[in-house]
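# Geometric and topological summary
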Amino acid sequence: MKDLNALNTHELRAFFDSFDHVLCDVHGVLWNVLETIPGAAAAVASLQNLGKTFIVVSNNTTATLDDYHHDFTSKGFPIKRENIVTPIQTTISYLKKQNFSKEVFVLGTHPLKKSLRDAGFRIAERGPLEIKETFHALAAASTEDDGSVGAVVADIDLNVNYVNLQKAVTFLKRPEVIFIRGTGDARFGVGLDRVVMGPGVFHAIVEECSGREPVSVAKPAPFANEFIVEKYKIGDASRVLFIGDSIPSDMGFATKFGYKKLLVLSGLTKEGALEDWKFPEEYRPDYFVDSLKSVHDLIGRI
Ligand SMILES: [Mg+2]
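Residues numbered from 1 in each chain as written. Predicted model: local features only at pLDDT ≥ 70, side-chain atom pairs only at ≥ 80, totals over all residues.

### Focus: the overall build of the protein chain
The helix and strand tally for the protein chain stands at twelve helices and 14 strands. Relative to a compact globule of 302 residues, whose C-alpha radius of gyration would be 19 Å, the protein chain shows 21 Å and is just as compact. Here the C-alpha coordinates of the protein chain stretch approximately 70 × 40 × 35 Å along the principal axes. Relative to its 302 residues, the protein chain shows a buried fraction of 41%. Sequence-distant contacts, at least 24 apart, represent 72% of the contacts inside the protein chain between residues at least 6 apart. (Helix = DSSP H or I, 4+ residues; strand = E, 2+ residues; numbered from the N terminus. Rg over C-alpha atoms; globule rule 2.2 N^0.38 Å. Buried ≥ 20, exposed ≤ 12 C-beta atoms within 10 Å, placed from the backbone. Contact = placed C-beta atoms within 7 Å.)

Structure, rendered in structure tokens:
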């Protein structure tokens with residue numbers, strides 16, 4: 001585990017020569033919810049100027065690919081639309097690989113549903129969001145199943161409710177119904193010292209009540225990696241640098257698939273966590289750096 005800022009020019013050149021692709025997380029690396037990380041956009045441009053393919057790997061499904069791309073562009077990040085990977089594309093890819101043609105029941109956002117619809121899938125009705133407060137009304141709204149749903153996709157559902165959780169459980173009682181999980185964190189940060197419940201809390205309810213285990217298509221699951229390797233024709237994992245701020249999710253993912261690891265300390269992980277290591281030993285990054293701004297500055301020095 002080396003601090004990039006402590007490398008000499010020779011070591012820096014060797015480091016920047018050691019990879020061709022960059023896989024990069026978003027929150028905590030390029031921006032936090034409310035603000036862009038200073039120097040991060042310049043770092044992306046510098047890495048691209050060195051000839052690196054810069055690919056964003058995010059678990060955010062609250063925006064369509066077009067909207068997400070627009071978000072990057074408007075914040076000054078020179079990231080190509082085709083170089084953004086989220087569980088939206090991996091979910092679509094997974095369903096296509098199954099030749100899926102039935103309805104999809106989605107515990108997720110409108111952008112996720114719109115993207116699935118645009119990819120040719122039919123979305124099952126949700127709701128109602130509010131029912132008469134009787135068990136009869138709950139049962140009537142959520143326990144009927146005519147067999148038309150063939151997959152449940154559980155991701156982040158910012159309008160999660162009782163009826164929809166039960167509907168998911170009802171459909172999953174049929175063993176042939178595919179169960180896909182996107183973003184599954186139990187909690188996530190939404191700004192300085194503010195942490196909220198993640199979708200994993202609600203997925204756990206569906207899993208427990210249905211007795212089913214989902215296939216995960218989000219980072220750090222193998223399917224997300226298969227998608228990346230196939231799409232970007234990655235032949236040699238050791239020539240890929242993974243940049244992230246989360247030890248379990250980003251460093252864990254990179255470890256599992258043999259990527260070089262750079263941990264940034266501009267998000268979830270603070271410097272103290274490196275001394276007081278509480279994660280599997282193999283998750284230790286090869287390098288760490290305070291933020292991407294330093295990466296930009298260091299490229300200027302080589
Ligand atoms: Mg992050």
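### Section: the UniProt feature "binding site: Mg(2+)" (unreviewed entry) in the protein chain
When the UniProt feature table is mapped onto this chain numbering, "binding site: Mg(2+)" (unreviewed entry) sits at Asp25 and Asp245. A compact arrangement is adopted by the annotated residues: their sequence extent is 221 residues, whereas the largest C-alpha distance between any two is 7.5 Å. Judged by C-beta crowding, with 24 C-beta atoms within 10 Å, Asp25 ranks as buried. For Asp25, the residues in contact, after removing those within four places along its chain, are Val57, Ser58, Ile243, Gly244, Asp245, Ser246 and Asp250. Within the fold, Asp245 resides in the loop between strand E12 (240–244) and helix H10 (247–257). For Asp245, the contacting residues outside a window of four places in its chain are Asp25, Gly28, Val29, Asp250, Val264, Ser266, Gly267, Leu268 and Thr269. (UniProt positions renumbered as here; feature names shortened; annotations may be inferred.)

### Thoughts on helix H4 (residues 87–97)
Buried within H4 we find Pro87, Ile88, Thr90, Thr91, Ile92, Tyr94 and Leu95. On the buried face of H4, the contacting elements are helix H3 (65–74), helix H5 (110–118), strand E7 (149–154), strand E8 (178–181) and helix H9 (222–231). Following H4 by one or two positions, Asn99 adopts a phi angle in the positive range, close to 50°.

### Some words on the environment of Leu262
For Leu262, the location among the structural elements is in strand E13 (residues 260–264). For Leu262, a count of 25 C-beta atoms within 10 Å corresponds to the buried category. Those residues within four positions of Leu262 in sequence are excluded, and the remaining contacts are Leu241, Ile243, Pro285, Tyr287 and Val289.

### What to know about the sheet that holds strand E6 (residues 122–123)
Pairing within the open sheet is parallel, and its five strands lie in the order E6-E5-E7-E8-E11. Sheet topology places E6 and strand E11 (215–216) at the edges, where each strand pairs with a single neighbour. Of the pairings in the sheet, the one linking strand E5 (residues 103–107) to E6 comprises two bridges and is parallel in character. Residue pairing across strands places Glu103 opposite Arg122, the latter belonging to E6. (Pairing = 2+ DSSP bridges.)

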